[in-house]
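One-letter residues, chain by chain:
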Amino acid sequence: MNEYKFQEIESKWQKYWSDNDSIKCDINSKEKNFYNLCMYPYPSGDLHMGHIRNYTIGDVITRYKIMNGFNVLSPMGWDSFGLPAENAAIKTGIHPKTFTEERIQNMKDQIIRLGSLYEWDREVAAHSMDYYKWTQYIFIKLYKNKLAYKKDAPVNWCGSCKTVLANEQVIEGNCDRCDSIVDQKNLNQWFLKISEYSDELLEGLSQIGDWPENVKAMQQNWIGKSEGAEFSLNIDGTQLSFDVFTTRPDTLFGMTFAVLSPEHPLMKEILTISSNSVELQKYIENAKKKSEFERMSLTKEKTGVDTGLFVINPVNGQPVSLWIADYVLINYGTGAIMAVPGHDQRDYDFAKKYKIEIIQVISDKSRESSIEKEAYVGEGILINSGKFDNLESHTEGSKKIIQFLEENNIGTSKTTFRLRDWLISRQRYWGCPIPLINCEKCGMVPENEKNLPVLLPDIDDYKNTNESPLAKSEEFINTNCPECGSKAIRETDTMDTFVDSSWYFLRFVDSKNKNKPFDAKKVNNWLPVDQYIGGVEHAILHLLYSRFFVKALRDMNYLNFNEPFQNLFSQGMINFGGSKMSKSKGNTVDPESYFATHGADALRLYILFMAPPSDGVEWNDGGIEGTKRFLNKFWENIIILSKLKELDGSNDDESIVRKVNQSINSVSNHLDKFEFNTAVSDLMKLNNDLSDFLKNSENISKNSKDMIIRNICILLFPMAPHIASEIYEDYFNEDLIKTAWPEVDTKNLKDPTYELVIQINGKKRHTRETQIGLEQSEVEEICKVEFDMNLSEFNKIIYIPDKIINFVG
RNA sequence: GCCCGGGUGGCGGAAUUGGUAGACGCGACGGACUUAAAAUCCGUUAUUCGAAAGGAUGUGGGGGUUCGAGUCCCCCCCCGGGCACCA
């Protein structure tokens, strides 16, 4: 052992871990199981820094848990359906499958080159027949349980990607893939009924294990629960009525108008009876032309048209005018509102503009709140509300008015969610075909399970026009009805790739099962995932969909737990040049080059060291020099230490042995808490201490020498496994991964001396190297003697043993 | 507007329960080695007054609690992220 040849060492150990199945869980074990999962990547071809961070963190956990005696399941796979492969196929003609599998191979090589341990025998890929067969199988189960349905709906259409998008994939009116403006289109599309689980998805967040607060908050926002009342309003002089939803039933006496969304289903009838139908017609046409995004953002200025009709306020019988306005959205609540300008700012703005009456019905307790300049939206007590006057708005007031509505059969209390059903149809080729068949006689029929998978057909032209490229394959479309055998036609849309990733963590447990998607016993034994690790960009989409899948599968008796991921860790993004790394910006840093110049261990250490792992951070080339330097120095130190003369009975090493012990304590604590940056700094400190020791010592006991080398290798192993394994093998001739994580010697943690801080009135005045465990009187004596202090001047002395003494007076 | 995070040297960031603010690393500066450079090694590095000893100031701003506050409480400002005409 002399020179630190990291390239040789790293490839040697990577081969060793693979040849020796160093990571292989006993899937049937019931004890000390630990399912450690990193989000499987889209196979873009190259690892980027985000992957490196993700898989390094995951690997630290894997190795740390193994050494702590856990039976660790650590699988990896590929989210391998999706647009880029298809777009490449359109450009180059290469089949998406070929394209994808080449990229998978390349990325897999890089993951191995990073030194991350995965049980590759369990590898899954969303695009493989073995996998998507079961995606289709689950889809059919969802369909049979009425959790998948097809309907006409206004949907988000990306003209550039030529496909529809889920609500979750529209960011400020733009496509989250290509940034083009998303249009609204009316199309017949497949949906999964995630809304059925709105309440449970929300509730689950408070019962789940350790999840980042921001992720929970984002899901909470997205689900958007609001509680209130729904009641019906009758159009005066007609049989027509419509429902409105409000979270403020307490303000009902303040309703001075009502508003329908221009898309409201009652619009036809209203046009025939309204005295203002020409203008109404114009307004509705106009609203239709604007995209949803335009309606929301272009002008906050509210517009609307008076229908000339009136509705009756059910609590006091007063007629109020009925308006049409596009600030009321058709896809939230009932698409109609009671307008209370006194206590809702939007209604207030509208009322001011169209000179509609504004009544105050809530006042703060001091009765000073005014609605002169703006709506009063706070809590308070009811006024101008008949027999409900003086009740507290948000408690009794709401309750009593809802009670009144219920008693008179006008309305009920009601909870509304923002969460919409999940639109999963995609008019694209490279995805999982939707396994349903349209039969003229039998209607929509699922493909017979025996015939799964419904294979993606080979086609020549991947371009989609307005429908899926699958529609071009006559062979694919034409089939027979599984029910009656007559000629029938297949669905041609493929599924959103988020469907594939909503259950892959289940398949890993039983990835080779030929008869079903997974074995319930195995899945129930291993799930929920003990530790899930991935980027915060999936906070809503993937994590919410997966939670929904698990709940749906549970209700269909496929599994018996409620949440897929017990603990979640979201790593922050790595930026470069002040913004997110992306190929289009040309600001990427290629991790692979560092394998050659600095080595995987140095890269891993740097990525762990650069910042707390949940923070976003700026890439900095100088930093990796630092961790490389540390590894070199560490290597040198071990050489010097191993050659140090052995002399039993020498006491020189007491202090360095204690420092190693302190590091065991500190590194363990930091790893337990995902504080990898400080765990690395602990090791750097220890290495510096070791350097100092080696400079000043000529001999060491054999025991101490072994103890230092053994433990320093163990502590380094989760984070820099190659170099640690090499040194350990060289010195002990053993496989480090089979070594147990050390116990802390709690009796040897404290240094025998400390730096006493002497304060006068809370200000530091002196410090002094002092023995630990002294009585206050002894410390006072030191102050008296050494610093010439007159203790009688002070009227109070505060002594914190082994830390500080503060003289007050 | 609402909901989450944050704000500490030139930079990334450390600081058990309130107890020496700035660990560790990067960068910078000075020195050694070298013909020279790189690498390596040694030292300095919050600001400020001072020749030094030693002071003073300092964790976004302002108040407060405390012997003692980066840490706890109140008010305000700024940055990042999410949601948003959601009734």
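Cut-offs and rules
- Residues numbered from 1 in each chain as written.
- Chains lettered and ligands numbered in written order.
- Predicted model: local features only at pLDDT ≥ 70, side-chain atom pairs only at ≥ 80, totals over all residues.
- Heavy atoms only, no water.
- Pairing = 2+ DSSP bridges.
- Helix = DSSP H or I, 4+ residues; strand = E, 2+ residues; numbered from the N terminus.
- Axes fitted to C-alpha atoms, helices over the stretch in contact; angles between N-to-C directions.
- Contact = heavy atoms within 4.5 Å.
- Parallel < 35°, antiparallel > 145°, perpendicular 65-115°, else oblique.
- Left-handed = near helix turned anticlockwise from the far one by under 90°.
- Nonpolar A, V, L, I, M, F, W, Y, C, P; charged D, E, K, R; others polar.
- Expected span 1.5 Å × (residues − 1).
- Buried < 20%, exposed > 50% of the residue type's maximum accessible area, 1.4 Å probe, protein only.
- Salt bridge = Lys/Arg side-chain N within 4 Å of Asp/Glu carboxyl O.
- Core = buried A, V, L, I, M, F, W, Y, C linked by side-chain atoms within 4.5 Å.
- Disulfide = S-S within 2.5 Å.
- Right-handed = clockwise from strand over helix to strand, strands pointing away.

1. Thoughts on the sheet that holds strand β27 (residues 568-571)
Read from one edge to the other, the open sheet built from four strands follows the order β2-β1-β26-β27, with strand pairing classed as parallel. Of all strands in the sheet, those bounded by a partner on one side alone are β2 (71-73) and β27. Each strand axis lies, on average, 20° off the axis of its neighbour in the sheet, ignoring direction. Those strands touched by helix α2 (residues 49-67) are β1 (33-38), β2, β26 (531-535) and β27, and its axis lies near 170° from that of β1.

2. Let's talk about the packing of helix α3 (residues 83-92) against helix α4 (residues 96-114)
Closest axis-to-axis distance for the α3/α4 pair is 9 Å, and the angle between their directions is 125°. One way to sum up the angle between α3 and α4 is to call them oblique. When the axes of α3 and α4 are compared, the crossing they make is right-handed. Between α3 and α4, the contacting residues are Pro84, Ala85, Ala88 and Ala89 on the first element and Pro96, Phe99 and Thr100 on the second. Residue composition of the contact of α3 with α4, by class: six nonpolar, one polar and no charged.

3. Quick look at helix α24 (residues 721-732)
Here α24 spans 16 Å end to end across 12 residues, near enough to the 16 Å set by a 1.5 Å rise per residue. Burial analysis of α24 places nine of its 12 residues in the buried class, the great majority of the element. Of the positions making up α24, those classed as buried are Pro721, His722, Ile723, Ala724, Ser725, Glu726, Ile727, Tyr728 and Phe732. On its buried face, α24 sits against α1 (6-19), α2, α4, α19 (600-609), α20 (621-643) and α23 (702-716).

4. Regarding the pattern of salt bridges
The tally for this structure, following the rule as stated, stands at 39 salt bridges. Here glutamate 200 and lysine 551 are joined by a salt bridge, their closest N and O atoms 3.2 Å apart. Remark: lysine 551 occurs in helix α17 (residues 541-555) and glutamate 200 occurs in helix α6 (residues 198-207); sequence separation between them is 351 residues. Here aspartate 735 and lysine 738 are joined by a salt bridge, their closest N and O atoms 3.8 Å apart. Within this structure, Glu200, Arg547, Lys551, Arg554, Asp555 and Glu563 form a network of salt bridges that share partners.

5. Quick notes on the sheet that holds strand β14 (residues 319-325)
Sheet strands associate in pairs through backbone hydrogen bonding, adopting either a parallel or an antiparallel arrangement. Pairing is mixed across the open sheet formed by four strands, whose spatial order is β13-β14-β12-β15. In this open sheet, the two strands that pair with only one neighbour each are β13 (304-312) and β15 (336-339). Each strand axis lies, on average, 25° off the axis of its neighbour in the sheet, ignoring direction. Direction of pairing for strand β12 (residues 257-260) relative to β15: antiparallel, over a ladder of four bridges. Paired with phenylalanine 257 across the strands is alanine 339, a residue of β15. Across the sheet, helix α9 (residues 277-289) touches β13 and β14, and the angle it forms with β13 is around 115°.

6. Looking at the packing of α2 against α4
Orientation of α2 relative to α4, taken along the N-to-C sense of each, is 50°, at an axis distance of 11 Å. Judged by the angle between their axes, α2 and α4 are oblique. In the crossing of α2 with α4, the sense of the turn from one axis to the other is right-handed. Contacts from His51, Ile52, Tyr55 and Thr56 in α2 reach Met107, Ile111 and Leu114 in α4.

7. Brief notes about the nonpolar core
With 176 residues, the main nonpolar core has Trp422 and Trp619 as its most contacted residues. Apart from the residues lying within four places of it in its own chain, the contact partners of tryptophan 422 are Ala166, Trp190, Phe191, Leu192, Ile194, Asp496, Phe498, Val499, Ser502, Tyr545, Phe548 and Phe549. Judged by nonpolar contacts, the second largest core, of 51 residues, contains Leu266, Ile284, Leu322 and Val361.

8. Some points on the state of the cysteines
One pass over the full model with this rule turns up zero disulfides. No disulfide involves cysteine 25; its sulfur sits 15 Å from the nearest other cysteine sulfur, which is in cysteine 38.

9. Details of the pairing of β1
For β1, a buried count of six out of six residues is recorded, marking the element as mostly surrounded by other parts of the structure. Where burial is concerned, the two faces of β1 agree: the one with Asn33, Tyr35 and Leu37 and the one with Phe34, Asn36 and Cys38 are both buried. For β1 and β2, the ladder comprises three bridges, and the chain directions are parallel. Pairing of asparagine 33 across the sheet is with asparagine 71, part of β2. As for the winding sense of the linkage, the β-α-β connection from β1 through α2 to β2 is right-handed. As paired strands, β1 and β26 are joined by three bridges and run parallel to one another. If you follow asparagine 36 over to β26, its bridge partner there is glutamine 531.

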